Amino acid sequence: MSLTSLPLEVLEAIMMYVDATDLVNVWKSVGFDSSETFWRKMCEREGYKKDLEEDESWRDVFVIRTNWLSYKNCVKREYEFITKTKMQVFAHMMCAKPLRGTLCGENLILDDGCEVSVWNIDDGPKLIQTLPGTVLKTSNSNLLLKTGSDTVIYSLENREFYEIVKTFPDCKKFYCEKRVYCLSDEFFAVITTKGEIYHLLKIINLRNQEEFSENLCFPHIDIYDFSFYGEILNIVLLLPTHNLVLKSFNLHLKHWLFDLLLFDSVFLEDVSKIMTDNIIVAWYNIGHSGCIRFWDRSTQNEIRTTFSNREVPHFFWVVATEKYVILSVKEKNFYIWHSIDPNNFKVMERGTQFYNGQSIVSSSLLVLSYSFGFKVVDFKQVVYLYEVRFETPGIELDKLFLPQPFFVSKKFYIGLLDTTIVNVDKACKNKENKYIMSIYDFRAEIYKET
């Protein structure tokens, strides 16, 4: 009896035992595909989650996340990419304004400080839109731009951005000396000041345009973090007593949830927090040392004893997903922490040469970016999976000392190699930056003969 003669329910039961990296190919060998219910179960087995803001099937989620496990599972495309530039030359050194941007679906959003350009990277890069202003905040499908005296929110539809909200013009009659913004696919929020008091929190539901406000009384404080996590709005405040407090507000229920004391009696240079479904992480840097703490999100109980300044060097970066926290100090190692075993850390070597940044792309994979390429780490298994080096004729990547722009999402890795650093005089004369754009596309289904 051949597999093709078996009922679909029996085939799906058999396929549940196939390794994730072989599953798509096995289904193709059989000659037909499975149901969305099957792919959802497989995603649950592997710990893959669907982004609610993105229109993708469970099968797409499984294919993209699994493709990241091997460099052979992506499609590389390379292009010459030219942008306008503003640069000055001092003592034979080029000082160019850094290229800022983010990936939004299949679009690359770039901000040169004057206007925002939208490039489609499906068959490109192809410039499809320019918008006036500079980027203040982004989400998966929304942009918050500063345009003159206005702030404007744009939403992505059919690969282009359309204005949906124009709000908060700069006008002295509002006594607004300072504003703090945050943005998600569903909500926009802004806190405004009156004198030295943060006095008003305004929230807009971008799905139905409903607006509501909360009166605040936060005198003589600093706001260190203002962000969304799902339906929760988080505000981290540094009080006059030098206590650092996290306040959380439920956007659907429209009420405050809890106040959590993160640190007390500290003078901070650098502080931040991360929230996942399971944990809250907060850390700060002061001088050459740092401090980090972990809490259970549902109970606000601290999970482990705080690391003191004597135990932890200055933090370089911290990222988190689900029950994992990955932290790097200003040395060549980084540390992997798991809430199930909170008193132990796994250690991996990061390396410091030409390091550019980091991004989590799935429930178990971390991407480390360098000027010469990128590395993919399975932090659950505590192992490097592979390294990708940009192949650029005529440029010695190992001798690059300047950070190179890169953009990472769950679907793409894009590296921009700035070739103007090879010929500064020519770049200044032409008033342009010339890049080699390498696009690594992890959406494709690559069939392997077995």
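Residues numbered from 1 in each chain as written. Predicted model: local features only at pLDDT ≥ 70, side-chain atom pairs only at ≥ 80, totals over all residues. Heavy atoms only, no water.

Chemist: Teacher, can you tell me more about the overall build of the protein here?
Modeler: A tally of regular secondary structure across the protein gives five helices and 33 strands. Burial statistics for the protein: of 450 residues in total, 50% are counted as buried. Taking the intrachain contacts of the protein between residues at least 6 apart in sequence as the baseline, contacts between residues at least 24 apart amount to 42%. Taken as a whole, the protein presents about 22,200 Å² of accessible surface, with 50% of it coming from carbon and sulfur. (Helix = DSSP H or I, 4+ residues; strand = E, 2+ residues; numbered from the N terminus. Buried < 20%, exposed > 50% of the residue type's maximum accessible area, 1.4 Å probe, protein only. Contact = heavy atoms within 4.5 Å. Areas by Shrake-Rupley, 256 points an atom, 1.4 Å probe, with all protein chains shown as cover.)

Chemist: I would appreciate a short explanation of the nonpolar core in the present structure.
Modeler: Soluble globular proteins tend to pack their nonpolar side chains together in the buried interior. In this structure, A189, I191, L201, I203, I223, F226 and L233 are the most contacted members of the largest nonpolar core, which totals 20 residues. Mapped onto this core, the elements with two or more residues apiece are β12 (179–183), β13 (187–194), β14 (197–205), β15 (210–219), β16 (222–229) and β17 (232–238). Not counting chain neighbours up to four residues away, the residues in contact with I223 comprise V180, I191, Y198, I235, V236 and L237. Among the nonpolar cores identified, the runner-up in size contains 18 residues, and L6, W27, M42 and C43 belong to it. (Core = buried A, V, L, I, M, F, W, Y, C linked by side-chain atoms within 4.5 Å.)

Chemist: Teacher, can you tell me more about the sheet that holds strand β8 (residues 134–138) here?
Modeler: The pairing of strands in a sheet happens through backbone hydrogen bonds and is either parallel or antiparallel. Spatially, the four strands line up as an open sheet ordered β8-β9-β10-β11, and their pairing is antiparallel. The open sheet has two edge strands with one neighbour each: β8 and β11 (160–167). Direction aside, neighbouring strands of the sheet carry axes that sit 30° apart on average. Where β8 lies against strand β9 (residues 142–147), four bridges are found, and the strand directions are antiparallel. Across the sheet, the residue bridging to T134 is K146, located in β9. (Pairing = 2+ DSSP bridges. Axes fitted to C-alpha atoms, helices over the stretch in contact; angles between N-to-C directions.)

Chemist: Sorry if this is basic, but what is going on with the sheet that holds β12 here?
Modeler: Strand order in the open sheet formed by four strands is β12-β13-β14-β15, with antiparallel pairing between adjacent strands. Two strands lie at the open edges of the sheet, namely β12 and β15, each paired on one side alone. Strand after strand, the sheet turns through a mean of 15° between neighbouring axes, direction not considered. Where β12 meets β13, five bridges bridge the pair, whose relative direction is antiparallel. For Y181, the partnering residue across the bridge sits in β13 and is V190.

Chemist: Sorry if this is basic, but what is going on with the pairing of strand β22 (residues 289–296) here?
Modeler: Residues in a regular strand point their side chains to alternate faces of the sheet. Within β22, six of the eight residues are buried, leaving the element largely enclosed by the surrounding structure. In this sheet, β22 lies alongside strand β21 (residues 279–286) in antiparallel orientation, the contact comprising eight bridges. Within β22, the position partnered with V281 by the bridge is F294.

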